[in-house]
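# Working through the structure, step by step
Given next are the chains, with one letter for each unit.
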Amino acid sequence: MRFKKRGASGKLCLRRTHIPMIRSTSWTSVQFRSTHGTNSGSSSFSIRSHTCGELRSTHVGEVVTLCGWVQYQRHGMFVILRDYSGLTQVLIPEDESRIKLKKTFCELPLESVVKVKGKVKRRPAGQENKEMPTGEIEVCAETAEVLNKSKKLPFEIKDFTKKAESLRMQYRYLDLRSSQMQYNLRLRSQIVMKIREYLTNIHGFVDVETPTLFKRTPGGAKEFLVPSREPGRFYCLPQSPQQFKQLLMVAGIDRYFQVARCYRDEGSKPDRQPEFTQVDIEMSFVNQAGIQALIEGLIQHFWPNELRSISTPFPIMTYEEAMSVFGVDKPDVRFGMQLVNISEVFSSIEVEFLRDIVHRPGGCVQAIRVPGGTRHLKNKDLESLKHLAKIHFNQTVNVVVLKDDGTWRSSIAKLLPDSAKQHLLQLTAAKPGDVLILASGLLQDVRSLLGKLRLQCVQLLEDKGMIVRDPSDFHFLWVVDFPLFLPKKEYPAELESAHHPFTAAHPEDLPLLLKEPHKVRSQHFDLVVNGCEVGGGSIRIHDASVQKFVLEKILKEDSSLLSHLLEALDSGAPPHGGIALGLDRLLSIIVGASSIRDVIAFPKSFRGHDLMSGAPDFISEDELRPYHVCVKWPVQEGKEKQELDLTKNSALDS
């Protein structure tokens, strides 16, 4: 159909025309894409035919094209080519007709990028490398194209090369070439895909993206502020999509999930980052058991096949049980050394300071037993435990060394009668060769101290070569019945949410909410594996009046900050609950990494800095002006900033 010019009436006239069919078979000016390499697989749509890690003896005789980085050169005869999938040995031809090809290989710096074409052949007998998946074959090079020469790098791309973490993060794009980092990131991708598959395709969840720019939330961790162009108004980066996922339940979405980016303005630790990822889930018309069953099935669905299988359902432990037996709310149950209450030993003895502690309201004496501790823990180790107790808890601990001959080495040994010693040994099940660590004081303080010392003891033993915790075992468990509120550290007479202010009270404790809120248990539950919390969830408050009461009367918060949520809850909100899994932390445990930074492509440093790009960076006054923000420099920092600017300007001038 074509347009025709306007007629005398001014109307646009249309005339249907036919486009003549092109019958010529000569396509001189038209090019079609080659269909080469469009099959599915790791080399689809690529200039290579295979990856470096996939060639086997079944490929002998085939002509292949490989692309990768030069990992090694050996005696001018071999080049080891590497890509994400592994290594392949490339044989450099020796005949004079290929002298140019040999020169190309021999002059290549390591980590240069090349494209090699050649025939796969079986390695000579006795020269196979059983340590390499491709160790039965080699590729006899026919052509080579240098795609990019590499300069000398700050470190070698070899897994056994030790590198400072700061150097790894400064050159993260090089560090990511290592086989371990490649494995970590690819496993992360596979697990995320299985999470989406399980939630969306099997259980009908909806993947919804929620905003990154939001407003301040009362309580919780510190939030990052983002200035706006309106004077005095700031956005906040969300700690989690908590409010949005509850609003989605009010909206009738019913089942929501998101692989969500979250932000907290707090110091980076081995298992924390200022920006991190969580698998965020919310459901309507659900109870605690339903959410737990969903997560158990999810973890089984994505659990890597190469790891030891896990069984469901996961054990359930109350918060009180965890604290009384392990001294922490995220217990590592792979080993013993459990807390034992030995207060009865000291209730009627002549050791006055211990007797007084036992009879004080809330006072107790407890102990942990380190089996075989005398053979592995030296005096300096025991002193380090005492030092930790003093520095971090301001408490004194007593150490009892039970020698092989049954005698005691301890400052309290001479204060205890034989009957008390026997009673103590009976309660703790201690034997010659063991070490006992005793702590006294208020129950909560003693539990926290011994919980920390328990973990420190096992770390000392493992540092000396003992295998106490099997790294191939994964012990998942649920911790339930947390307190709904805790006293504030700065103002113990005031209460704060143990988790967040949207958590519902335990049904049995609802009558206590009005007059004794400090005694109320919550419907919060944590998922713990090997002593690490990897998820936290709860049943939410879905009644607007209860939510407002908690905010205003118990937490003393300004409820107007959450007026949008309160209005939504008052608009027919269904009962709902959810959970968030810490994806980074869970992955680091699965791969055995010491830090979550090893499962994040571009993490921040311990201080929250990006050592590669230099973020956070300074912003000029001109750039700040549209946001009505000015920086008030402390005197010393202002001088350092001026010196830094002068240094930068001098460098630019030179």
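The structure contained in this document is the topic of the report that follows. (Residues numbered from 1 in each chain as written. Predicted model: local features only at pLDDT ≥ 70, side-chain atom pairs only at ≥ 80, totals over all residues. Heavy atoms only, no water.)

### Overview of the overall build of the protein chain
When helices and strands are tallied, the protein chain shows 18 helices and 24 strands. The C-alpha atoms of the protein chain give a radius of gyration of 33 Å, which is well past the 26 Å a tight globule of 654 residues would have. Overall size of the protein chain, expressed as C-alpha extent along the three principal axes, is 110 × 90 × 60 Å. A total of 654 residues make up the protein chain; the buried ones form 42% of that total. When the accessible surface of the protein chain is split by element, carbon and sulfur atoms take 52% of a total near 36800 Å². Considering the protein chain, the positive charge centre built from 87 side chains and the negative charge centre built from 78 side chains are found 7 Å apart. (Helix = DSSP H or I, 4+ residues; strand = E, 2+ residues; numbered from the N terminus. Rg over C-alpha atoms; globule rule 2.2 N^0.38 Å. Buried < 20%, exposed > 50% of the residue type's maximum accessible area, 1.4 Å probe, protein only. Areas by Shrake-Rupley, 256 points an atom, 1.4 Å probe, with all protein chains shown as cover. Lys, Arg positive; Asp, Glu negative; His and termini not counted. Charge placed at Lys NZ, Arg CZ, Asp CG, Glu CD.)

### As for the pairing of strand S5 (residues 86–91)
One ladder, built from 6 bridges, connects strand S4 (residues 78–83) with S5; its direction is antiparallel. Counterpart to Arg-82 in the pairing with S5 is Leu-87. The loop that links S4 with its antiparallel partner S5 comprises 2 residues. Two elements, S5 and strand S7 (residues 137–148), share 2 bridges in a ladder whose sense is parallel. (Pairing = 2+ DSSP bridges.)

### Details of the sheet that holds strand S11 (residues 255–263)
Spatially, the 8 strands line up as an open sheet ordered S8-S11-S12-S24-S23-S22-S19-S13, and their pairing is mixed. Each of the sheet's edge strands pairs with one partner strand only, and the pair in question is strand S8 (206–207) and strand S13 (316–318). Where strand S12 (residues 275–284) lies against strand S24 (residues 576–582), 7 bridges are found, and the strand directions are antiparallel. When the bridges of S24 are listed, Met-283 appears paired with Gly-577. Packing against the sheet, helix H5 (residues 242–250) makes contact with S11, S12 and S24, and its axis sits at approximately 20 degrees to S12. (Contact = heavy atoms within 4.5 Å. Axes fitted to C-alpha atoms, helices over the stretch in contact; angles between N-to-C directions.)

### Observations regarding unusual backbone geometry
Across the junction of Thr-312 and Pro-313, the peptide omega takes the value 0 degrees, indicating a cis bond. Secondary-structure assignment places Pro-313 in the loop between helix H6 (288–302) and S13. Backbone torsion omega between Ala-615 and Pro-616 reads 0 degrees, so that peptide bond is classified as cis. Following the sequence through the fold, Pro-616 ends up in the loop between helix H16 (583–591) and helix H17 (621–624). Its identity is not glycine, yet Phe-45 carries a phi of approximately 60 degrees, on the positive side. In this structure, Phe-45 sits in the loop between strand S2 (13–15) and strand S3 (63–74). The class for Phe-45 is exposed, based on a relative accessible area of 67%. For Asn-394, which is not a glycine, the phi torsion comes out positive at approximately 55 degrees. Here Asn-394 is to be found in the loop between helix H11 (379–393) and strand S16 (397–402). The exposed category is assigned to Asn-394, whose relative accessible area is 61%.

### What to know about the packing of helix H4 (residues 179–202) against H16
Following both chains from N to C, one finds H4 and H16 inclined at 125 degrees, their axes separated by 11 Å at the closest point. What the angle tells us is that H4 and H16 run oblique. Classified by chirality, the crossing of H16 by H4 is right-handed. Seen from H4, the contacting residues are Tyr-183, Asn-184, Leu-187, Arg-188, Ile-191, Val-192 and Ile-195; seen from H16, they are Leu-583, Asp-584, Leu-587, Ile-590 and Val-591. Residue classes in the contact of H4 with H16 are distributed as 9 nonpolar, 1 polar and 2 charged. (Parallel < 35°, antiparallel > 145°, perpendicular 65-115°, else oblique. Left-handed = near helix turned anticlockwise from the far one by under 90°. Nonpolar A, V, L, I, M, F, W, Y, C, P; charged D, E, K, R; others polar.)

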